[in-house]
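An overview of the molecular structure
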Amino acid sequence: MPESDEQPPPPSTPSSTTTTTAPPIYIHPRREPFEHGLLPIPKLIFTDGSQTLVSIRNKLLSLSSTSSYRANSEAIAESLQISNENARLVIETIASVLHNDSDPIVTVNSLQIGSVGVNVFDLMLFLYIQSYKRLLPKGHKDSAAVADVWPSTSTFDGFLSALSPLQLVRSNSRRFMPSQADEEAHQLSYLQKHLGNILSLLAESVEGDSEESLVLSMEKLEHLGFLIFFGEKGSERIPLSQNAPFFANSDPEMPAVPVPAAQVHDWLLENIASALTRITERASAKENGPTNASDQDMPMADVSASSVKSSPSPRGPSFIEGISKSSYVRLRNDIKGSSVKVINCHESVIYILAPLKYATVYGCSDATIVLGAVGKAVRVEHCERVHVIAAAKRICIANCRECVFFLGVNQTPLLVGDNHKLQILELKVFCIFSLCAFYLLAFLDSIMLVAPYNTFYPLLEEHLKEVGIDPTINRWDSPVALGVVDPHDSLSHPAGVSDVQTESASPVDPDQFTNFLVPNWFEGQQSGSTKDNPFPLPDAYLASQQRNHKNLEETKHILKDNELDDSRKREVATALHVCFKDWLYASGNIRQLYCLQGE
C-alpha cells in the first residue's frame, strides 16, 4: 500500500457531536469467516498476497455482469481451476458466513445457489483469508484436575495414523480452545499485517498527476464488512461507511467520491492498533480479577452442572462449558445472541432447543448433544464418542472419532482433518428406552459405537422456518471428504500427506434404526405445532421404524395375553425391571431420570 503524507485520524468515535464521556466504538473482526469460512482445498490458498488474486479478480469480472459483479459456480471453477463441486462448495461456504443477509446467495433456494453465484469482491476476501492459520489449542494449567473427564483411550488408539493431526493436538494434558480475547487479537493481528493487500483487491486504479494510484469507493469499502465491523457489546454493528470519517456525511442521493486507498489503510490501522491495545489492557486487568464462565482456562475441578451454566455475551456466542456427568437443557430464552459454543463437556446429555445462526461443539467426549435449528453452520471438532443431533443448513466435522451424527441438513456435510469411525444418520426421534439397542451393540462390537436416532420437539418446525432450513431437502447421505491435513491449523504436519483424503462416513444399517424422545423439560412452556419428525425418512429407514413399532406392539400383546398366574407375572415384571435398572446405571442414563424428576 502506498505511503500517505496525511496524519491518520484518531480512533473512530460514534460521531463528531458525541460528548467526551461517551465510550469509543472499537473495531472488531467478524469471527464467522475465520471459524466457519475456511476450506482445506489447496487451490484456494494463495501465498503471494494479492498478486495472483488480482488477476483472478479481473478474469472473474470479465466473466460477470458489469452491473452485478457476480460469478457463478462455472466461472469460479474455470478461474480457480477447481471442480464444479468444489466451486459450489465455495459459494455455499461464503453464503454461510456472509455479512449481508439480503444477498441473493443467502436467500436463494439451496438448489439454485450455484447459478446465482457470489459477488466477486466478497469472493476475493474469502480467498485471501484462506491463508489464515488458527491459534493452537492451549494446554490446561492444571492437567491433574481434568484427568477424570478428559476422553479416555479407546481400542482405536492403537490404530491411529502416526500422521494424525488429532494426535498432534492431544497430549497428556487437556487442550483447550483459545479464549475469545486471544482469538480476536490473533484475527486482528492477521488483518493488520495483510490489510494493504486486502484493500488492493477492493480498490480501483486511477491515473493521477504523476503516477497511478488506488482509490476506494464507499460501495467497495462496505465489502470489508465481510471481515470487520464497528460496535460494542449490546450495540448494533455499524456499517463501515457510516463510521468512516471520509464517508460519514455523504449524501445518500449522490455517489460518494472515492478516497485514496492509502487514507483508508491508515485509518483502519489506527483503529486496529487501538483495539489491540484495549484487548491487552483488559487481559492484564483480568489476571488480577476473578474468572468467569467465559474464561477458557477455568479449572475443571471447579466445573459442574451447578457451577457452570451457559455464559451469554450480547456480541459474541453463548458458552456451555465443562458440563460433566449430567443432563443440561437450554431453551430460546436461556440463550443470548445467535451463536452457541459447547466446549469440553463429558458424559452428559445436552439439549439446546432454540433457533441459532451458528453452533460449535469442541473437545467433548461420551456425550449426546441435541442442537435445535442452526440456520448458518455447525462445526464439530476434536470430539470422541459423541452423538450430535442437529437440524442445520450445513455442518463441518473436523478431527472426530467414534462419533455418530444425526442430521437434517440442506447442504452436503463437510468432513475435514483426521476423522475415524464416523456414522451419519438422518434426523429422527429419540427414546431413552431404545438406547438399550445401542449398548447391546457396543457390547458386541467395542469399536463400532453406533445408534440410529430420530428427534423432534414442539417448536422445531417454527425454528426451522425462522432460520431458513427446508426440511424437504436433506443431504445427510452425501458427505464431502477433504484432506487429512488442515492447512489452517498452526500445527506442523509431516510432509507428503497434504493431499491425503480424510476418511468418509458410513450410513447406519437401517435394521439398527430406533427412536429417541426429547423430554418435555418444561411442560406448558413450549407449545408448538411439531408432532413428528419434519424430515421425511428414506424408505429403508421408514420400513425399519415400522417393523420395530410392529414388533413392540406384538411383544406387548404377548405379555398381555399370555396366560400366567399372578406369581409368574410378578416374576416377569421383576426381571424386566431389574434388567432395565441395571442398564440405566451401567449406561449413565439414570441421570436423565433424575433430571426428569426435577432433581
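The structure presented is a predicted model; accordingly, all values stated were derived computationally and were not measured. (Residues numbered from 1 in each chain as written. Predicted model: local features only at pLDDT ≥ 70, side-chain atom pairs only at ≥ 80, totals over all residues. Heavy atoms only, no water.)

This part is about the overall build of the chain. Each helix and strand counted, the chain has 17 helices and 21 strands in total. In the chain, which comprises 599 residues, the share counted as buried stands at 53%. Taking as baseline every contact in the chain between residues at least 6 positions apart, the subset at least 24 positions apart corresponds to 63%. Carbon and sulfur atoms make up 53% of the accessible area of the chain, which totals about 27,300 Å². (Helix = DSSP H or I, 4+ residues; strand = E, 2+ residues; numbered from the N terminus. Buried < 20%, exposed > 50% of the residue type's maximum accessible area, 1.4 Å probe, protein only. Contact = heavy atoms within 4.5 Å. Areas by Shrake-Rupley, 256 points an atom, 1.4 Å probe, with all protein chains shown as cover.)

The buried fraction of strand β15 (residues 387-392) amounts to 6 of the 6 residues, a majority that puts the element mostly inside the structure. Neither face of β15 is exposed, since His387, Ile389 and Ala391 on one face and Val388, Ala390 and Ala392 on the opposite face are all buried. The sheet contact formed by strand β14 (residues 368-381) and β15 spans 6 bridges and is parallel. For alanine 373, the partnering residue across the bridge sits in β15 and is alanine 391. (Pairing = 2+ DSSP bridges.)

What follows concerns the environment of lysine 220. Following the sequence through the fold, lysine 220 ends up in helix α10 (residues 218-222). Remark: the alpha-carbon pair of lysine 220 and alanine 203, spanning 17 residues in sequence, is separated by 7.3 Å. Beyond its immediate sequence surroundings of up to four residues, lysine 220 is in contact with Phe121, Leu202 and Glu204.

With that settled, the discussion passes to the pattern of salt bridges. Counted according to the given criterion, the structure contains 15 salt bridges. A salt bridge links arginine 31 to glutamate 184, with the nearest nitrogen and oxygen atoms 3.1 Å apart. Taken as a pair, arginine 31 in helix α1 (residues 31-36) and glutamate 184 in helix α9 (residues 180-202) lie far apart in primary sequence, 153 residues in all. According to the relative accessible area criterion, arginine 31 is buried, its value standing at 13%. The exposure class assigned to glutamate 184 is buried, which follows from its relative accessible area of 6%. Connected via shared salt-bridge partners are Asp366, Glu384, Arg385 and Arg401. (Salt bridge = Lys/Arg side-chain N within 4 Å of Asp/Glu carboxyl O.)

Across the chain, the average pLDDT comes to 76, with 69% of residues at 70 or higher. At the low end of the mean pLDDT range in the chain sits helix α13 (residues 435-444), at 36; at the high end sits helix α7 (residues 120-128), at 97. Scored below 50 in pLDDT, residues 14-20 makes 3 contacts in the model with residues more than four places away or belonging to other chains. Predicted confidence is poor over residues 291-314, with pLDDT under 50, and the contacts of this stretch with residues over four places away or in other chains come to 64 contacts. (pLDDT = per-residue confidence, 0-100.)

With that settled, the discussion passes to α7. In an α-helix, one turn spans 3.6 residues; hence positions three or four apart end up facing the same way. By the criterion of burial, α7 is predominantly enclosed, with 9 of the 9 residues buried. All of the buried residues along α7 are Val120, Phe121, Asp122, Leu123, Met124, Leu125, Phe126, Leu127 and Tyr128. A side-chain oxygen of the first residue of α7 lies 2.8 Å from the backbone nitrogen of phenylalanine 121; this N-cap is asparagine 119. (Polar contact = N/O pair within 3.5 Å; in protein donor to acceptor, adjacent residues only side chain to side chain.)

At a closest axis distance of 11 Å, the pairing of α7 and α9 adopts a crossing angle of 150 degrees. The crossing of α7 and α9 is right-handed. When α7 is examined against α9, the residues Phe121, Met124, Leu125 and Tyr128 are found in contact with a partner set consisting of Tyr190, His194, Asn197, Ile198, Leu201 and Leu202. Within the contact of α7 with α9, the residues separate by chemical class into 8 nonpolar, 2 polar and no charged. (Axes fitted to C-alpha atoms, helices over the stretch in contact; angles between N-to-C directions. Left-handed = near helix turned anticlockwise from the far one by under 90°. Nonpolar A, V, L, I, M, F, W, Y, C, P; charged D, E, K, R; others polar.)

Turning to the state of the cysteines, a few remarks are in order. Throughout the structure, instances matching the rule amount to 0 disulfides. Cysteine 400 carries a free sulfur, and the closest cysteine sulfur to it, the one in cysteine 403, is 4.7 Å from it. (Disulfide = S-S within 2.5 Å.)

Time to look at helix α4 (residues 84-97). Its 14 residues give α4 an end-to-end C-alpha distance of 20 Å, which sits within 8% of 20 Å, the value for a rise of 1.5 Å per residue. Most of α4 is tucked away, with 11 of its 14 residues classed as buried. (Expected span 1.5 Å × (residues − 1).)

Our focus in this paragraph is the environment of histidine 346. With respect to the secondary-structure elements, histidine 346 resides in the loop between β12 (339-343) and β13 (349-362). With relative accessibility at 1%, the residue histidine 346 sits in the buried group. Taking the C-alpha atoms as reference, histidine 346 lies 6.4 Å from isoleucine 323; in sequence the two are 23 residues apart.

Our next topic: the packing of aromatic side chains. Scanning the entire structure with this criterion turns up 7 aromatic pairs. Measuring from ring centre to ring centre gives 5.8 Å for tyrosine 69 and phenylalanine 121, while their planes differ by 75 degrees; the resulting arrangement is edge-to-face. You can see tyrosine 69 sitting in the loop between α2 (51-63) and β2 (70-71) and its partner phenylalanine 121 sitting in helix α7, a full 52 residues away along the chain. Judged by relative accessible area, tyrosine 69 falls into the partly exposed class, the value being 28%. Relative to tryptophan 267, the ring of phenylalanine 246 has its centre 5.4 Å away and its plane inclined at 80 degrees; by these criteria the two rings are edge-to-face. On the criterion of sequence distance, the pair formed by phenylalanine 246 in the loop between α11 (240-243) and β9 (259-260) and tryptophan 267 in helix α12 (residues 261-287) is long-range, its members being 21 residues apart. Of the two residues examined, phenylalanine 246 and tryptophan 267, each falls in the buried class. Three or more aromatic residues joined by ring pairs form one cluster here, namely Phe34, Tyr132 and Tyr190. Above the face of the tyrosine 69 ring, lysine 220 is positioned so that its terminal group lies 5.9 Å from the ring centre. (Phe/Tyr/Trp six-rings, centres within 6.5 Å; stacked < 30°, edge-to-face > 60°. Lys NZ or Arg CZ within 6 Å of the ring centre and 35° of its normal.)

A separate point is the side chain of asparagine 410. Checked against the element boundaries, asparagine 410 lands in the loop between β17 (404-409) and β18 (414-416). Residues in contact with asparagine 410, not counting those within four places in the same chain, are Ser110, Ala392, Lys393, Gly468, Ile469, Asp470, Ile473 and Arg475.

When you line up the elements, leucine 136 lands in the loop between α7 and β4 (138-139). Residue leucine 136 is classed as partly exposed on the basis of its relative accessible area of 42%.

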